[in-house]
Amino acid sequence: MTDAASFPKADAVADELPRFTPLQRLIHWLMAAGIIAMLFIGVGMVSTIAATHLTLVSIHKPLGVALLALVIIRIAVRFRYGAPPLPVDLPSPMKLAAKASHYAFYGLMVAMPLIGWAMLSAADYPITLWGGFNLPPIVAPSRELHALLWDAHRTLAFVFFTLVLLHVAAALFHALVRRDGVFQQMAGGARP
Amino acid sequence: MADPTRSRSLLASLTAIGFVVGGGAAAFAYTAGWLSPDRLTPAKVVDAFAPPGGPALGHRRNHAKGVCFTGSFESNGAGAELSKAQVFEAGRYPVVGRFNFGTPSPVAPDAKARVRGFSVRISTPDGQEWRSAQISAPVFPVSTPQAFYELLQASGSKAPEAMKNFAATHPEIAGFGGWTKTAPWTASYAEERYNGLNSFIFTDAGGKDRAVRWSWVPEAPPVSVPADDIAKRGPDFLQEEITQRIAAGPARWTLVVTVADPGDPTADPSKAWPADRRTVEVGKLIADKVEPEADGPCRDVNFDPTVLPLGIRTSDDPFPAARSAAYAVSFDRRTAEAKDYPAK
Ligand code: HEM
Ligand code: HEM
Ligand code: HEM
């Protein structure tokens, strides 16, 4: 048996644990809320002919573009501060899955808004973010390109949502089952 | 050695994770409408236009037959009193438009063109656009988008009583029905008056809102032609006539804005407003070139009536939102089917 008293208190350990910086954590949670909202707004707005259709579309576009701005800041911050290491005892396939899914997230967070923007450009719609303010088009009008981007926006949205579910499951698995501090690296709070 | 408290809490943890993930997936499916087969989705509405043999791939799902025109909108400045949109400041703004009629078939004979359409996109130097699509009927057949869907189903139904039953539960259709039976026919797109029917809100520079509707009133005097005569004309007589007419000289329409009085039925396009409402002539549309649709400038335009400049917005009329959702589906499908409709 080990003598618990010979170890420092859990809180003290947690304080020394490497974590994402507060800025990284703030952006992670802001974007998590924003992206989950975007996914629900997206599928909701294309499923109704009620007046909510227009309301949801008018949120989808500016929120999507705001998330594009945030992810650019996020990537810069990530280059500057890096990420805390995963626990040494985490099996390497899990480490690989974590890394790969995080890269996929960064890719999707950049690609989705750009595809949405390009899709509206290809359709020759004004890209109105709010009353009287339009973004410039980023591609020339083209029916073929529009069809391609529309498919991509829709397909990647479903891929994105699936990944979010897996990511949440993994985060909760760290928090509730492994209790290895990975959750706290992003969530803050004391290590279990 | 197995620790019973530990394995119980493991089970509880895994259950909790399952609930979060399963609940999230279910909420997503619900939002997307996958759990509500009764939800009237834009896709369902668009499907309802398709004739028994299926839709014409690559073409608009309604008002499928048409020709493009270009020209300009000459604003006289009178509209600036009603709306701060730049399009109402005196000036000349480029237009892309489309003459068309209500049919799911791009090869329907023009003699079928009872409900004729006029689609307009006006662009202003401030980068904004005003898109609209109006028809020759003075009222819409039904009061709500839901009822329009039911009308499409009834008219596509093989049940002999379907239309009769529909009319019995939607008496408002009598106004439109009366128009189709009694209104004179003309032999030209240029002789038609095109009505917006839906109500929108104009906001003036002082921030005051007014509910309005609008119509495009032709400069060419309408010449009425017996219906039997129309039936004998060639399948594309309307397109040929407008092409020749505009090649010889532009066709013009005056844009007349009607301002609602308080209490007028803004949410119901099947109800006309009283004839004595204030009207303002705000400018003239000049169509000076007609081009076939296949490689014309209107082909890939979605005349979505909710593409509006600042100074015009939607009202409590439920149609523009429904139209926007449905036109997008039609546009998404036809652009994806471009290979089925080659440019000539
Ligand atoms: C994080 C970014 C984004 C996410 C997660 C997202 C997600 C979605 C989803 C789930 C849909 C519904 C797809 C379907 O069920 O068919 C959708 C549709 C759409 N999105 Fe986005 N979106 C994003 C960014 C944007 C941006 C920035 C724009 C435009 C500026 C945009 C424009 C659209 C449009 C116009 C549609 C409707 C397409 C149609 O069916 O006609 N999206 N989006
Ligand atoms: C749309 C939603 C989300 C996206 C796009 C997202 C994206 C990401 C990304 C890219 C990382 C890696 C950060 C890096 O290495 O730079 C990360 C880490 C993390 N996320 Fe999320 N996340 C989302 C939602 C959530 C939610 C809802 C939770 C909690 C239930 C969560 C918990 C975590 C945790 C604990 C980490 C730290 C993992 C580690 O230390 O390696 N995330 N997230
Ligand atoms: C809920 C009611 C309505 C539905 C579901 C509906 C549906 C459609 C669809 C699917 C198209 C093809 C759009 C495209 O592919 O670009 C279309 C075109 C058109 N509709 Fe409607 N419509 C509705 C109400 C109206 C009303 C009230 C008017 C007139 C006041 C109207 C006039 C037109 C015209 C003129 C076009 C041709 C547009 C073009 O040239 O692209 N529609 N409609």
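Calculation rules
Residues numbered from 1 in each chain as written. Chains lettered and ligands numbered in written order. Predicted model: local features only at pLDDT ≥ 70, side-chain atom pairs only at ≥ 80, totals over all residues. Heavy atoms only, no water. Axes fitted to C-alpha atoms, helices over the stretch in contact; angles between N-to-C directions. Helix = DSSP H or I, 4+ residues; strand = E, 2+ residues; numbered from the N terminus. Parallel < 35°, antiparallel > 145°, perpendicular 65-115°, else oblique. Left-handed = near helix turned anticlockwise from the far one by under 90°. Nonpolar A, V, L, I, M, F, W, Y, C, P; charged D, E, K, R; others polar. Donors = N, O, S within 2.8 Å, 3.2 Å for Na, K, Ca; no water. UniProt positions renumbered as here; feature names shortened; annotations may be inferred. Buried < 20%, exposed > 50% of the residue type's maximum accessible area, 1.4 Å probe, protein only. Contact = heavy atoms within 4.5 Å. Phe/Tyr/Trp six-rings, centres within 6.5 Å; stacked < 30°, edge-to-face > 60°. Lys NZ or Arg CZ within 6 Å of the ring centre and 35° of its normal. Salt bridge = Lys/Arg side-chain N within 4 Å of Asp/Glu carboxyl O. Near = heavy atom within 4 Å. Polar contact = N/O pair within 3.5 Å; in protein donor to acceptor, adjacent residues only side chain to side chain. Buried area = accessible area lost by both parts, 1.4 Å probe.

## Things to note about the packing of helix H4 (residues 92-122) of chain A against helix H5 (residues 143-178) of chain A
Residues and elements named next belong to chain A.
Okay, step 1: Running from amino to carboxyl end, H4 crosses H5 at an angle of 150°, the nearest separation of the two axes being 8 Å. Considering the angle they form, H4 stands roughly antiparallel to H5. As for how H4 packs across H5, the hand of that crossing is left-handed.
Okay, step 2: Looking at the contact of H4 with H5, its residues break down into 20 nonpolar, six polar and one charged.

## Considering the coordination of the iron atom of ligand 3
Ideal values for angles at a metal depend on the geometry: 109.5 degrees with four tetrahedral donors, 90 or 180 degrees with six octahedral donors.
Okay, step 1: For the iron atom of ligand 3, the sole protein-derived donor is B:Tyr327 (OH), lying 2.1 Å away.
Okay, step 2: Position of B:Tyr327 relative to the elements: it lies in helix H8 (residues 319-336).

## Quick word on the UniProt feature "binding site: heme" (unreviewed entry) in chain B
Residues and elements named next belong to chain B.
Okay, step 1: The feature "binding site: heme" (unreviewed entry), as annotated in UniProt, sits at Tyr 327 in this numbering.
Okay, step 2: When its relative accessible area of 28% is taken as the criterion, Tyr 327 is described as partly exposed.
Okay, step 3: Apart from residues lying up to four places away in sequence, Tyr 327 is in contact with Asn 302, Phe 303, Asp 304 and Pro 305.

## Considerations on the packing of aromatic side chains
Okay, step 1: Within the structure shown, the criterion is met by 28 aromatic pairs over all chains.
Okay, step 2: Residues A:Phe161 and B:Phe28 carry aromatic rings whose centres are separated by 3.8 Å and whose planes lie at 15° to one another, so their mutual orientation is stacked. Highlighted residues: A:Phe161 in helix H5 and B:Phe28 in helix H1 (residues 4-31), drawn from two different chains. Each member of the pair, A:Phe161 together with B:Phe28, is buried.
Okay, step 3: An aromatic cluster of three or more residues is present, and its members are B:Phe69, B:Phe73, B:Phe99, B:Phe118, B:Tyr189, B:Tyr194, B:Trp216 and B:Trp253.
Okay, step 4: Lying over the aromatic face of A:Tyr81, A:Arg80 brings its terminal NZ or CZ to 4.9 Å of the ring centre.
Okay, step 5: Of note, B:Arg299 hangs over the ring of B:Tyr341, and the distance from its end group to the ring centre comes to 4.0 Å.

## Side note on the pattern of salt bridges
Residues and elements named next belong to chain B.
Okay, step 1: The tally for this structure, following the rule as stated, stands at 25 salt bridges over all chains.
Okay, step 2: In this structure, Arg 61 engages Glu 337 in a salt bridge whose closest nitrogen and oxygen atoms are separated by 2.7 Å. Of this pair, Arg 61 sits in the loop between helix H2 (42-47) and strand S1 (65-75) while Glu 337 sits in the segment after H8; the two residues are 276 residues apart in sequence, bridging distant segments of the chain. The same class applies to Arg 61 as to Glu 337, namely buried.

## A look at the site of ligand 2
Residue and element names in this part refer to chain A.
Okay, step 1: The environment of ligand 2 is formed by 21 residues, the closest being His 28, Arg 78, Tyr 106, His 167 and Gln 185.
Okay, step 2: The side chain of His 28 places a nitrogen or oxygen atom 2.8 Å from a nitrogen atom of ligand 2.
Okay, step 3: Between an oxygen atom of ligand 2 and a side-chain N or O atom of Arg 78, the distance comes to 2.4 Å.
Okay, step 4: Looking at the shell around ligand 2, the elements with two or more residues in it are helix H2 (22-45), helix H3 (52-81), H4, H5 and helix H6 (182-187).
Okay, step 5: For the shell around ligand 2, the leading source of residues is H2, giving five residues.
Okay, step 6: Its residues assigned to classes, the shell around ligand 2 comprises 15 nonpolar, four polar and two charged.

## Regarding the interface of chain A and chain B
Okay, step 1: The partner chain B presents 46 residues to the 34 residues of chain A that form the contact.
Okay, step 2: Among the residues of chain A in contact with chain B, A:Ile49, A:Tyr125 and A:Arg143 are the three that bury the most area, contributing 24% of the side total.
Okay, step 3: Run the count over chain A and chain B and you get two salt bridges.
Okay, step 4: With a closest N to O distance of 3.2 Å, B:Arg121 and A:Asp124 form a salt bridge.
Okay, step 5: Among the elements of the structure, H2, H3 and H5 of chain A are those that each provide at least two residues to the side of chain A that touches chain B.
Okay, step 6: The biggest single contributor to the side of chain A that touches chain B is H5(A), with 14 residues.

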